[in-house]
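# Summary of the model geometry
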Amino acid sequence: MANTKSALKRANIAERNRLRNKAYKSAVKTLMKKYLLTVATYAANPSSELKKEVDARMSEAYSKIDKAVKRGVLHPNNGARKKSKLAKKLKSSSASA
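First, a word on what this report is: a plain description of the structure on this page.

Reading the values: the criteria
Residues numbered from 1 in each chain as written. Predicted model: local features only at pLDDT ≥ 70, side-chain atom pairs only at ≥ 80, totals over all residues. Heavy atoms only, no water. Helix = DSSP H or I, 4+ residues; strand = E, 2+ residues; numbered from the N terminus. Rg over C-alpha atoms; globule rule 2.2 N^0.38 Å. Buried < 20%, exposed > 50% of the residue type's maximum accessible area, 1.4 Å probe, protein only. Contact = heavy atoms within 4.5 Å. Areas by Shrake-Rupley, 256 points an atom, 1.4 Å probe, with all protein chains shown as cover. Lys, Arg positive; Asp, Glu negative; His and termini not counted. Charge placed at Lys NZ, Arg CZ, Asp CG, Glu CD. Phe/Tyr/Trp six-rings, centres within 6.5 Å; stacked < 30°, edge-to-face > 60°. Lys NZ or Arg CZ within 6 Å of the ring centre and 35° of its normal. Salt bridge = Lys/Arg side-chain N within 4 Å of Asp/Glu carboxyl O. Axes fitted to C-alpha atoms, helices over the stretch in contact; angles between N-to-C directions. Parallel < 35°, antiparallel > 145°, perpendicular 65-115°, else oblique. Left-handed = near helix turned anticlockwise from the far one by under 90°. Polar contact = N/O pair within 3.5 Å; in protein donor to acceptor, adjacent residues only side chain to side chain. Core = buried A, V, L, I, M, F, W, Y, C linked by side-chain atoms within 4.5 Å.

## A word on the overall build of the chain
For the chain, the count of helices and strands is three helices and zero strands. When its helices and strands are written in sequence order, the chain yields α-α-α. Its C-alpha radius of gyration of 18 Å places the chain more than 25% over the 13 Å reference for a compact globule of 97 residues. Along the first, second and third principal axes, the C-alpha atoms of the chain reach 60 × 20 × 15 Å. Among the 97 residues that make up the chain, the fraction classed as buried is 21%. Counted over contacts in the chain with a minimum sequence separation of 6, partners at least 24 positions apart contribute 59%. Of the accessible surface of the chain, which amounts to about 6900 Å², a share of 54% is contributed by carbon and sulfur atoms. For the chain, the distance from the average site of its 25 positive side-chain charges to the average site of its 6 negative ones is 12 Å.

Here it is, written out as structure tokens:
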């Protein structure tokens, strides 16, 4: 337990930040999973509507990753690696289709 007023305040701030970071990380993971499912569907049955859906999901995921990096939730290299993984998945699926 914190012994001083400033230590107690720092503990409260750390907890608040932990919860905010957790929400960002969870949102990034969710959007990545939705994108990967959409890419798998697109790879199985390519169509122009699904391509638009894939692009929309990619845009959402990229946006959330960039916001997480900007706010310091993710390290810039981690964000770049996640975005690269998403792009690579689309490229490999479209090459096979």
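Picking up where we left off.
## Here's the deal with the side chain of Thr38
Counting through the fold element by element, Thr38 comes out in helix H1 (residues 5-44). Here Thr38 falls in the buried class, since its relative accessible area comes to 9%. Apart from residues no more than four positions distant in its own chain, Thr38 is found in contact with Glu53, Val54 and Arg57.

## What about the packing of aromatic side chains?
Centre distance and the angle of the planes are the two values used to describe a pair of aromatic rings. Following the criterion strictly, the structure yields zero aromatic pairs and no others. The residue whose ring lies beneath Lys83 is Tyr62, and the NZ or CZ to ring-centre distance is 5.3 Å.

## Considering the pattern of salt bridges
Going through the model one piece at a time under the given rule, you end up with four salt bridges. Glu15 is paired through a salt bridge with Arg18; the nearest N and O atoms lie 2.8 Å apart. In this pair, Glu15 and Arg18 both sit in helix H1, three residues apart, roughly one turn of the helix.

## Section: the packing of H1 against helix H2 (residues 48-70)
At a minimum axis separation of 9 Å, H1 and H2 run at an interaxial angle of 160°. With respect to H2, the axis of H1 lies roughly antiparallel. Read as a crossing pair, H1 and H2 show a hand that is left-handed. For the pair formed by H1 and H2, the contact residues are Tyr24, Ala27, Val28, Leu31, Lys34, Tyr35, Thr38, Val39, Thr41 and Tyr42 on the first element and Leu50, Lys51, Glu53, Val54, Arg57, Met58, Glu60, Ala61, Lys64, Ile65, Lys67 and Ala68 on the second.

## Overview of the side chain of Ser93
Relative to the helices and strands, Ser93 resides in helix H3 (residues 76-96). For Ser93, a relative accessible area of 7% corresponds to the buried category. Among the polar contacts made by the side chain of Ser93, one reaches the main-chain carbonyl oxygen of Leu90 at a distance of 2.9 Å.

## Quick notes on the nonpolar core
One finds Val28, Tyr35, Val39, Val54, Ala68, Leu86 and Leu90 to be the most contacted residues of the largest nonpolar core, which totals 16 residues. For this core, the elements supplying multiple residues, two or more each, are H1, H2 and H3. The leading source of residues in this core is H1, at seven residues.

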